[in-house]
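Each chain is listed here by its residues.
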Amino acid sequence: MTKARTNASASPAVGRNMVINGAMNVSQRATSVTGLGANADAYNTLDRFKLGVEGTTAGRLTMAQVADGPNGISANCLKLDCTTADTSIAATEFVGVSTYLEGQNVQRLGKGIAGAKQAAISFYVKASSSLTFAVELFDADNARHIVKLFTATTAWNRIEFYIPADEDDGSSALNDDNATSLVINFWVHGGTNFTSGTLATAWANKTNANRAAGIDSIFSNTANNFFLTGVQLEVGPVATEFEQEDIGTTLTKCQRYFHSTTFANGKAASAGGLVNSSTIGVISGMTHPVIMRAAPTAAINDVTHMGVRQRAAVTTCTNVTFGTSQRACTMELTVSSGLTVGDGCFARAINNSCTLSFDAEL
């Protein structure tokens, strides 16, 4: 019989990091988006990391995936680059970067009930100068939070945030479902509605004024930059080494929430053998690369970039309607005229490349 290893320095099990794409390696939508700061919450670049915006901010920034990560952790990082300053901050304003976690993926914490476990958040940051920001763990099911200030300097530093067990009232469990239960928020700009209180450094019921007290603003100067990578949330009182994950595994996890497919001009967007259902329509379909979190919202970048080829003729679509499930989708392609009922055909990109996207984000 072999004794189980008890070496405390041994590497923890694979899969301990509950954050998806913490190494900032996957950016399916875009690698850089400019002019951000006026829009509502949106996933702009890096998968699973949303830019949150509230209020009428005058500041603007560029959000990008850049190859400037700390050596040995990740080649990539998220970068926020201030392009327009905002030195007159309204009370209702905030800007932050957030990653949302499904309830069924964080049950290991046992949060909110007897026997809840300790946890640790860790990440790597740097900035264009010494800037103080905040990281918040927010319990979306029970409106509770805990926050820590950190200082980003011009060199990469690892920040470690110890999170005590939160038993709350003993009956406030995280929901065991595919909706948001926990959110990690990185606060980089905030008005007095979020900064005028006392920082919630211990678990407490959410008070907005206590969420970002003491932070600087990314918008204080157009020279400001903020870099983030190596984000990890794990069970236990000690932040262990950042868990490295192969890109295929990370991409598959990200595609549960979003994926897109681009067809080059002239390339087929469906298999042959489709049969026209009318003189103006045909139904095609495709399967998702993974089972998605929920039935996604489907979109096409431009309907006129899709056409139906029948024999030697290609007819431009006037409308594309989607039917989606977690596993697959159908496309009903409509043209103005010219199809022959019963003839074989296929969908193809025309005029320009055609992109289909499927979004099941939290």
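What comes next is a walk through the structure. Just so it is clear, the model here is predicted, and its values are computed rather than measured.

Here's the deal with the overall build of the protein chain
Here is step 1: When you go through the protein chain residue by residue, the secondary structure sums to two helices and 21 strands.
Here is step 2: Each principal axis of the C-alpha atoms in the protein chain carries an extent, and together these give about 70 × 65 × 40 Å.
Here is step 3: When each of the 362 residues of the protein chain is scored for burial, the buried share is 49%.
Here is step 4: For the protein chain, the exposed surface amounts to about 15200 Å²; the carbon and sulfur share of it is 49%.
Here is step 5: Here the protein chain contributes 25 positively and 29 negatively charged side chains, and the mean placements of these two sets differ by 6 Å.

Concerning the side chain of Arg-16
Here is step 1: Within the secondary structure, Arg-16 sits in the segment before β1 (32-36).
Here is step 2: Taking relative accessible area as the criterion, Arg-16 reaches 15% and is therefore assigned buried.
Here is step 3: Not counting residues up to four positions away in its chain, the partners in contact with Arg-16 are Arg-108, Gln-232, Leu-233, Glu-234, Thr-240, Glu-241, Phe-242 and Glu-243.

Observations regarding the sheet that holds strand β13 (residues 258-263)
Here is step 1: With respect to topology, three strands assemble into an open sheet ordered β13-β21-β16, the strand pairing being antiparallel. Strand pairing shows two members of the sheet lacking a second neighbour, β13 and β16 (297-300), which therefore form its edges. Taken over all neighbouring pairs, the strand axes of this sheet differ in orientation by 15 degrees on average, direction set aside.
Here is step 2: Looking at chain direction, β13 and strand β21 (residues 354-359) are connected through six bridges and run antiparallel. Bridge pairing in β21 links Phe-263 to Cys-354.

Thresholds, definitions, all that
- Residues numbered from 1 in each chain as written.
- Predicted model: local features only at pLDDT ≥ 70, side-chain atom pairs only at ≥ 80, totals over all residues.
- Heavy atoms only, no water.
- Helix = DSSP H or I, 4+ residues; strand = E, 2+ residues; numbered from the N terminus.
- Buried < 20%, exposed > 50% of the residue type's maximum accessible area, 1.4 Å probe, protein only.
- Areas by Shrake-Rupley, 256 points an atom, 1.4 Å probe, with all protein chains shown as cover.
- Lys, Arg positive; Asp, Glu negative; His and termini not counted.
- Charge placed at Lys NZ, Arg CZ, Asp CG, Glu CD.
- Contact = heavy atoms within 4.5 Å.
- Pairing = 2+ DSSP bridges.
- Axes fitted to C-alpha atoms, helices over the stretch in contact; angles between N-to-C directions.

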